[in-house]
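Structural overview for review
The primary structure of each chain is shown beneath.
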Amino acid sequence: MIGKRNVGQSLKTILFIQIFLLALLLTGLLSAFSLYSFKQLLMRELGRARVDVLKQIGERIETIHSSAETVSNLYYYDETLGNMIHDYEEGRKNPDELKGYLDYLESRYRLALEREDFDYFIALRLENGFEYTSPSGGNYDFSIPERTIWYSNMLKAQGRIWWSKTYRRNREEGADSVLSAARTIRDRETGKQIGTLFVVVPESILSKTYRNVLTDYNNIYILNEDGVILSHRDKKMVGINFYNMERFERFFGPDSYARVSKSGNPMFLINSYNSNLKYTIVEETPYEIIMSPLGQVYRTLVIIFAVCILAAGVLSMWVTRHVVQPLNLLCDSMKSMQEGDLEVKCSANGFLEVKQLSDGFSGMMDTTKQLIKDVEQKQEQKRRAELDFLQSQINPHFIYNTLFNIKCMAAMNRLQEVEDMISTFGKLLENTLNTSREMVTLADEAAALEEYVHLLKYRYNNRFEVIYNISEETRGCKIPKLTLQPIVENAIFHGIEPREEEGTIIINSWMKDQLLTIQVIDDGIGMKPETVAGLLAKNVPSKGKRRHIGLSNINERLKLFFGENYGIKVESEEEIGTTVTIRIPAAEEEDV
């Protein structure tokens, strides 16, 4: 007894230390890996999301450019304006007449192009000294852009629109910044350059494109291809040549995100390149702001780690106590278990008796008990496996098609309908993924089907109608769950969807001689006889055969539940429609 106790105590200590250290190591590794994975996931998902936001800003700037170029073209190709400028050059028109017509064009085009996200004014300067600025342009100084390199490039562009970098409207203190879509004007008859047309856009219009995504912490600015800041939250930064764009693109790449150091402070930098404008939109956010959600993760992991260590200690003590306890109860019970008493309970504690447990108890349990269990459950296991396999085919198919419908609505930006669809889809998932019941009443099945049809009507804009003729005597009859939905789904996708006209699906049910009959009738395009003949065949390849899988699946499920004499019958005629008939025993809820 003393020897046994010493061995037991030694084993207990060894097991306790080993189990505790292993649990400690695994918990530490799991915590570190979880923290690292969450950090990487946070950066990746946030980076992608912010790149998408910057892309949207770029698209808004494209719209501003397009609008400004439209205004420029309206003035440039206005024949009356061209003639008046020519007449003015020849002395046949005075300045007031030309300015009056320009004011007329200003009021006309501004009314047509008025938008909250776009504003502009026109500046026109002729070689003979004539200058005009729209009333909204205020005191515009023509000499400021004339001293820039881009202005020289614009003069060489032969009348093409040339976008400037940002510059001051005039030389007054506090003057706002603008940028221009400029082009030269040439005489219609001689082709000689006679002036310059500016469509001037305030920098504040650019800043509106990203104002709603600014916070107290981040900065967003827009760079042209030369690295000049065109727009910035800090107006003092506007017009500064901030980056060497060749090095910037080589280091970061387009549409990317990275952690950088700026003035010794870690920053999260995201950029999006607009190839049409050759603009780069950049966002900077302090790295600690981006990683602020990690604080809660840290605290959670510390709590989990502490709980795991405590649990590891308790588990180690429990395991070692039970391993080193004597196995006397097991030894006393082995004879009874060998005689067939499989319900006897024994507490195996200790180390020396483990071999005895392995050689006697485990061997006997692994043979006798398992053989008996296999004989008793063989048929039930086979039936359950087949049903589970068939059910696993239906659920992913159903979820995929439903999510596809919601995706289509989201792509059309119909957000209210998407919200309603997601709510309905949640109810459907709650019903579909509830595996506690294999059988449901026909009334419940029809109610779930109505939810699914409600989703599909959003996608198809009510192109079809489903009529439910469920007789009162059949509403309580039990059928396998998800029997009607794939059939109606096939009728919509393969029968009604290919038609240009609206369609109708009729669901009838009746009971006769204790036989429940359900019909799903559609007035779709129908099928060829050879297609109908293969619908209920087993093992049809899945590629491109969604309808075949659904109907054969349902047919097999019905036969597993009710026998080979029951199932599905399909009748179809091209351009007329399809009828799917289900015949099963009429079983009420209390009979199942």
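Values in this document were obtained by computation on a predicted structure and should not be read as measured data.

**Overview of the overall build of the protein chain**
For the protein chain, the count of helices and strands is 16 helices and 18 strands. Burial statistics for the protein chain: of 592 residues in total, 43% are counted as buried. When contacts within the protein chain are restricted to residue pairs at least 6 apart in sequence, long-range pairs at least 24 apart make up 64% of them. When the accessible surface of the protein chain is summed, it comes to about 32,600 Å², and 53% of that surface belongs to carbon and sulfur atoms.

**Some thoughts on the pairing of strand S16 (residues 515-522)**
Within S16, six of the eight residues are buried, leaving the element largely enclosed by the surrounding structure. Here strand S15 (residues 503-512) runs beside S16; their pairing, made up of eight bridges, is antiparallel. For Ser509, the partnering residue across the bridge sits in S16 and is Ile518. The turn linking S15 back onto S16 is made up of two residues, and Asp513 within it adopts a positive phi angle of 55 degrees. Bridge analysis of S16 against strand S18 (residues 577-585) gives eight bridges, and the strand direction is antiparallel. Among the inter-strand pairings, Gln519 is bridged to a residue of S18, identified as Thr581.

**A short note on the sheet that holds S15**
Read across the sheet, five strands follow the order S13-S15-S16-S18-S17 without closing on themselves; strand pairing throughout is mixed. In this open sheet, the two edge strands, each paired with only one partner strand, are strand S13 (464-470) and strand S17 (567-573). If you compare each strand with its neighbour and ignore which way they point, the axes differ by 15 degrees on average. With seven bridges connecting them, S17 and S18 associate as antiparallel partners. Of the residues in S18, the one forming a bridge with Ser572 is Thr578. The sheet strands contacting helix H13 (residues 442-459) are S13, S15 and S16, and the helix crosses S13 at an angle near 170 degrees. Seen against the sheet, helix H14 (residues 484-496) touches S13, S15, S16, S17 and S18 and runs at an angle of roughly 150 degrees to S15.

**Observations concerning the layout of surface pockets**
Looking at the largest pocket, its volume works out to about 550 Å³. As for the largest pocket, its lining consists of 20 residues, of which Trp162, Trp163, Asn224, Glu225 and Asp226 are closest to the centre. For the lining of the largest pocket, the elements supplying multiple residues, two or more each, are helix H5 (149-155) and strand S3 (162-163). The greatest single-element share of the lining of the largest pocket, amounting to three residues, is contributed by H5. Of the residues assigned to the lining of the largest pocket, the class counts are nine nonpolar, seven polar and four charged.

**Here's the deal with the packing of H13 against H14**
H14 packs onto H13 with a crossing angle of 30 degrees between their chain directions and a minimal axis gap of 9 Å. For the element pair H13 / H14, the angle class is roughly parallel. As H13 runs across H14, the sense of the crossing is right-handed. Together, Leu442, Glu445, Leu449, Tyr452, Val453, Leu456 and Arg459 of H13 and Leu484, Gln485, Val488, Glu489, Ile492 and Phe493 of H14 make up the contact between the two elements. Here the contact of H13 with H14 is built from residues that sort into nine nonpolar, one polar and three charged.

**Here's the deal with the side chain of Arg50**
Along the chain, Arg50 falls in helix H1 (residues 2-76). Excluding anything up to four places from it in sequence, Arg50 contacts Val213, Asn218, Ile270 and Glu283.

**Details of the confidence of the model for the protein chain**
In this model, the protein chain carries a mean pLDDT of 81, and residues with pLDDT of at least 70 account for 79%. Confidence, expressed as mean pLDDT per element, reaches its minimum in the protein chain at helix H11 (residues 354-411) with 60 and its maximum at S16 with 96. Segment residues 1-8: pLDDT under 50, and four contacts once partners within four positions in sequence are set aside and those in other chains are kept. Counting contacts from residues 541-549, a segment whose pLDDT is below 50, to residues more than four positions away or on other chains yields 18 contacts.

**A short note on helix H2 (residues 79-90)**
Over its 12 residues, H2 extends 16 Å from the first C-alpha to the last, a length consistent with the 16 Å expected when each residue adds 1.5 Å. Inspection of H2 places Leu81, Gly82, Met84, Ile85, His86, Asp87 and Tyr88 among the buried residues, and these make up the whole buried set. Structurally, the start of H2 carries an N-cap: the backbone nitrogen of Thr80 is 3.2 Å from a side-chain oxygen of Asp78. Phi for Gly91, located one or two positions after H2, is positive at around 90 degrees.

**Here we look at the environment of Tyr120**
By the secondary structure assignment, Tyr120 is in the loop between helix H3 (95-113) and strand S1 (121-126). Tyr120 sits in the buried class, given a relative accessible area of 2%. Here the alpha-carbon distance between Tyr120 and Phe198, two residues 78 residues apart in the chain, equals 9.9 Å. Ignoring sequence-local partners within four residues, the contact set of Tyr120 consists of Val71, Glu106, Tyr109, Arg110, Ser136, Val199, Val200 and Pro202.

Conventions we followed
Residues numbered from 1 in each chain as written. Predicted model: local features only at pLDDT ≥ 70, side-chain atom pairs only at ≥ 80, totals over all residues. Heavy atoms only, no water. Helix = DSSP H or I, 4+ residues; strand = E, 2+ residues; numbered from the N terminus. Buried < 20%, exposed > 50% of the residue type's maximum accessible area, 1.4 Å probe, protein only. Contact = heavy atoms within 4.5 Å. Areas by Shrake-Rupley, 256 points an atom, 1.4 Å probe, with all protein chains shown as cover. Pairing = 2+ DSSP bridges. Axes fitted to C-alpha atoms, helices over the stretch in contact; angles between N-to-C directions. 1 Å grid on protein atoms, 1.4 Å probe; cavity = no way out; pocket = protein on both sides within 12 Å on 5 of 7 lines; lining within 4 Å. Points joined across faces, edges and corners; volume = space filled by probe spheres on them. Nonpolar A, V, L, I, M, F, W, Y, C, P; charged D, E, K, R; others polar. Parallel < 35°, antiparallel > 145°, perpendicular 65-115°, else oblique. Left-handed = near helix turned anticlockwise from the far one by under 90°. pLDDT = per-residue confidence, 0-100. Expected span 1.5 Å × (residues − 1). Polar contact = N/O pair within 3.5 Å; in protein donor to acceptor, adjacent residues only side chain to side chain.

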